[in-house]
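Here is how the chains run, residue by residue.
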Amino acid sequence: MRRSRKDGDSVDEERDSRRRRIVDSPSSPAEEPLVPYNDDEDDERRVLDHSGGAEEVGRRVETEEEDDNDDDDDYDDPYGRGSILDKSNRQVEVRRDCPYLDTVNRQVLDFDFERFCSVSLSNLNVYACLVCGKYYQGRGKKSHAYTHSLEAGHHVYINLRTEKVYCLPDGYEINDPSLDDIRYVLNPRFSREQVEQLDKNKQWSRALDGSDYLPGMVGLNNIQKTDFVNVTIQSLMRVTPLRNFFLIPENYQHCRSQLVHRFGELTRKIWHARNFKGQVSPHEFLQAVMKASKKRFRIGVQSEPVEFMSWLLNTLHADLRTSKKSSSIIHKCFQGELEVVKEMQNKTISEKKEGGGEHNGALKIMDGATENNNIGTGTYRMPFLMLGLDLPEPPLFKDVMEKNIIPQVPLFNILKKFDGETVTTTVRPPARMRYRVTRLPQYLIVHMRRFTKNNFFREKNPTLVNFPVKNLELKDYIPLPAPTKENEKLRSKYDLIANIVHDGKPDEGFYRVFVQRKSEELWYEMQDLHVSETLPQMVALSEAYMQIYEQQQ
């Protein structure tokens, strides 16, 4: 029986409608829905109906977490159709206009803290809510960020690793230039031209709260007894080659050390001119320090800056060098060389004498060492990153007049330790040492030994050190080797760039630092969040603990 034309029309319409349904269905890869597709509910039903028990449920939850954690690894759109595909072939729409952009609150954004989800405490695939500033994991339908967007009505999120911004629960990516300032605060960037101009910049920057701050002269949060870290960081920020190296991440992208990357991140935040606030919290850096030092330095426990400086420089050097023989920016800046002459009682000689040995007090020279009259003398060279200076002991018994007088000593007197003639006695092992500087570093770190420990308590030497802020000429006080090259000048003149001081009692005191701003040659006093301009004369009137001098070129 032949169908009429009318019946044929209805068949064609039915076929067309069926075609439309197939094209519009979510299972079609050509037109996937723009909202992140998630079939967790079906999988969950399968798990509940399954008699496999807890093992199967545990496996499903783990897979679910993996899905949520990996959903930000997007592939670029090869055809430029205004959408991108992530690795599970879900289509993510990219939109420039978003009705929720006016809800972004820059006042609450703080990217200085560890990047952990505030619910799951996971550091995988973490997003920051740009409305309340909290961190959440994932953006899939079962993720914490997705749940937060539904519960709190906060819709704009930035991925802390890829810096992409998404609108949840809709799931599309927001591509709007107005969000670039947030990306710059999350991950400050410097071009090589900007880095070279830093020491010439005299401009102040303005924070969101209206306060002004100087890039590079921002305060650091004292999280809990971490002033010893803050003064060390502020001092190292004045060392130009070191700062310039860490401002450009490409210089150390080969390095896997978390400490190196956190130090570089902190350096970029301190010198960034577009921060939302006029201070920085070194929280992530401190976490890396605790891990790398195996809790030798930790939050809540006071330590000495000299110990921290020594550990930090040696650890950064070890992490940055590519082989055992290669150098690093640390050694290029701070490494000098000493000639050490060591005299000590030689037990082996005396034992041989008793046994009728062949030496019998005769002079023997071997590898720069001599033995004479049971005293062995060895001469060797050793590199150094800082020089320790001994302060003279204050008088034990003072009369009425002396009680009001603070003992003082010129820096040149305590530098004589390194003239090659002055003898320094060590107790363990008992030896007589003589030191001579054979190579000067570009940046000289000196440390005044103020604290002494005994079995009962810790003492502090209050002696003031008189030092020049400019033009410290070392060759007048310690003998220096002549330059190796013919036309090379002996650079022995130094200018002070940082001075760490200790105030108060040995166990209850605190540290602050005086630093110089090169662009205007002004001095600033910095104590945690407190930053104020000061006079150069005030720098020399403090109980100096550790100093960094820069070699004049």
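In the block above lies the structure referred to throughout.
Residues numbered from 1 in each chain as written. Predicted model: local features only at pLDDT ≥ 70, side-chain atom pairs only at ≥ 80, totals over all residues. Heavy atoms only, no water.

A look at the environment of Asp176
The criterion, for reference: Secondary structure elements follow DSSP: runs of H or I no shorter than four residues count as helices, runs of E no shorter than two count as strands, and numbering proceeds from the N terminus. The contact criterion used is simple: two residues touch if any of their non-hydrogen atoms lie within 4.5 Å. Polar contact is the term for a pair of N or O atoms within 3.5 Å; when the atoms are in protein, one must be able to donate a hydrogen and the other to accept it, and sequence-neighboring residues count only if both atoms are side-chain atoms.
Checked against the element boundaries, Asp176 lands in the loop between β8 (172-174) and α5 (180-186). With residues near it in sequence (within four places) discarded, Asp176 still touches Arg96, Leu101 and Arg183. Polar contacts involving the side chain of Asp176 include one to the side chain of Ser178, which spans 2.6 Å.

Quick notes on the pattern of salt bridges
So the rule is basically this: Any Lys or Arg side-chain nitrogen found within 4 Å of a carboxyl oxygen on Asp or Glu counts as a salt bridge. To sort residues, take the accessible area from a 1.4 Å probe on protein chains only and compare it with the maximum for the residue type: under 20% means buried, over 50% means exposed, and anything in between is partly exposed.
In the structure shown here, the tally under the stated rule is 25 salt bridges. Between Arg436 and Glu339 there is a salt bridge, with its nearest N and O atoms 3.4 Å apart. You can see Arg436 sitting in strand β20 (residues 431-439) and its partner Glu339 sitting in strand β13 (residues 336-345), a full 97 residues away along the chain. Looking at Arg436, the relative accessible area reads 22%, which means it is partly exposed. A salt bridge links Glu343 to Arg432, with the shortest nitrogen-to-oxygen separation between them at 3.4 Å. Taken together, the residues span a long stretch of sequence, with Glu343 in strand β13 and Arg432 in strand β20 at a distance of 89 residues.

Looking at the side chain of His283
As for its position among the elements, His283 is in helix α10 (residues 283-292). Ignoring sequence-local partners within four residues, the contact set of His283 consists of Asp112, Phe113, Glu114 and Ile223.

What to know about the packing of aromatic side chains
Rules: Here a Phe, Tyr or Trp ring, Trp counted by its six-membered ring, pairs with any other such ring whose centre lies within 6.5 Å, and the pair is stacked when the planes are under 30 degrees apart, edge-to-face when over 60, and tilted otherwise. Cation placement over rings: the criterion is NZ of Lys or CZ of Arg within 6 Å of the ring centroid and within 35° of the ring normal.
Tallying each qualifying case throughout the model produces 16 aromatic pairs. For the ring pair Phe245 and Phe246, a centre distance of 5.2 Å and an interplane angle of 80 degrees mean the geometry is edge-to-face. For the pair shown, Phe245 and Phe246 are each scored as buried. Put simply, the rings of Phe245, Phe246, Tyr252, Phe263 and Phe285 touch in pairs and so form one group of aromatic residues. Here Arg139 stacks its cationic end above the ring of Tyr166, 4.0 Å away from the centre of that ring. Positioned over the ring face of Phe451 is Arg458, at 4.3 Å from the centre of the ring.

Function cannot be read off these values alone, since they describe shape.
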